[in-house]
Amino acid sequence: MVKSKVKIGVLALQGDFAEHISVLDNLNVNCTIVKKPNELSDINGLIIPGGESTTIKKLIDRYDFEGEIKEKVSLGMSVWGTCAGLICIAKKLTEPEPIPMNLINAEVSRNWFGRQVDSFESDINFSGIEEKIKAVFIRAPIVNKVSKNVEVLSKLNDGTIVGIKENKILGTSFHPEISGSTKVHEYFVNLTKE
Ligand code: GLN
């Protein structure tokens, strides 16, 4: 269990933010949902959840979040994008939409594994976590290309990249918040403390 003084915000515009809050609550981490840019002011880390990336990014734009998020990142805030969240933080997408925020130097492809019915689970290694973690992929994106400053944390057996980190920005293709394991949340809290 992580006992922590950091406060984690979960962007609650669309998607499965409640599941992240529930894992953080179980870990006894101070956390809050974030619905407006001024609510970023007292958090140390931000989770952008899975959902529908075009919708999430539209709402990020509508509520003027992007500039505030970038300002907070420049001051040391950590960010973790899961699935649609990873799409939103990428530098570039292979699809025309949405226009990502360029918080991590990576190119991402959406819906890589096909449609909702092609969702699957896999036990994967994650650098920095000793045990294998159960990863749930739901219409998941993958990471196509990374720059040399980006650390690859997790790959599928075929070499497909599904977990990355650059400084305090973390991206995962999969959904740890619905897997039953709290390990990636603990990893993110520790990254936030650095
Ligand atoms: N396929 C979704 C998108 O492109 C992401 C799915 C998810 O977050 N589980 O936004």
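Notes on the structure in this doc start here. (Residues numbered from 1 in each chain as written. Predicted model: local features only at pLDDT ≥ 70, side-chain atom pairs only at ≥ 80, totals over all residues. Heavy atoms only, no water.)

A short note on the overall build of the chain
Part 1: Assigned secondary structure in the chain consists of five helices and twelve strands.
Part 2: Across its three principal axes, the chain shows a C-alpha extent of roughly 40 × 40 × 35 Å.
Part 3: When each of the 194 residues of the chain is scored for burial, the buried share is 54%.
Part 4: When contacts within the chain are restricted to residue pairs at least 6 apart in sequence, long-range pairs at least 24 apart make up 65% of them.
Part 5: On the chain, roughly 8,900 Å² of surface is accessible, and the fraction owed to carbon and sulfur atoms is 45%. (Helix = DSSP H or I, 4+ residues; strand = E, 2+ residues; numbered from the N terminus. Buried < 20%, exposed > 50% of the residue type's maximum accessible area, 1.4 Å probe, protein only. Contact = heavy atoms within 4.5 Å. Areas by Shrake-Rupley, 256 points an atom, 1.4 Å probe, with all protein chains shown as cover.)

A word on the layout of surface pockets
Part 1: Within this model, the largest pocket holds a volume of roughly 210 Å³.
Part 2: For the largest pocket, the lining is made up of 14 residues, of which Gly-51, Glu-52, Cys-83, Ile-138 and Arg-139 are closest to its centre.
Part 3: Looking at the lining of the largest pocket residue by residue, the classes come out as four nonpolar, six polar and four charged. (1 Å grid on protein atoms, 1.4 Å probe; cavity = no way out; pocket = protein on both sides within 12 Å on 5 of 7 lines; lining within 4 Å. Points joined across faces, edges and corners; volume = space filled by probe spheres on them. Nonpolar A, V, L, I, M, F, W, Y, C, P; charged D, E, K, R; others polar.)

Some words on the environment of Gly-163
Part 1: With respect to the helices and strands, the residue Gly-163 is situated in strand β11 (residues 161-166).
Part 2: Linking Gly-163 and Thr-82, residues 81 residues apart in sequence, is a C-alpha distance of 9.3 Å.
Part 3: Beyond its immediate chain neighbours, meaning those up to four positions away, Gly-163 contacts Glu-151, Val-152, Leu-153, Ser-154, Gly-171 and Thr-172.

Overview of the nonpolar core
Most often, soluble globular proteins keep nonpolar side chains buried together rather than apart.
Part 1: Residues Leu-11 and Leu-46 are the most contacted members of the largest nonpolar core, which totals 31 residues.
Part 2: Elements with a contribution of two residues or more to this core: β3 (45-48), α2 (53-62), α3 (65-74), α4 (84-89), β5 (90-93), β6 (104-109) and β11.
Part 3: Each residue touching Leu-46, except ones within four places of it in the same chain, is listed here: Gly-9, Val-10, Leu-11, Val-34, Leu-40, Ile-69, Met-77, Ser-78, Val-79, Trp-80 and Phe-188.
Part 4: Counting 29 residues, the second-largest nonpolar core is a separate cluster that includes Ile-8, Cys-31, Cys-83 and Phe-126. (Core = buried A, V, L, I, M, F, W, Y, C linked by side-chain atoms within 4.5 Å.)

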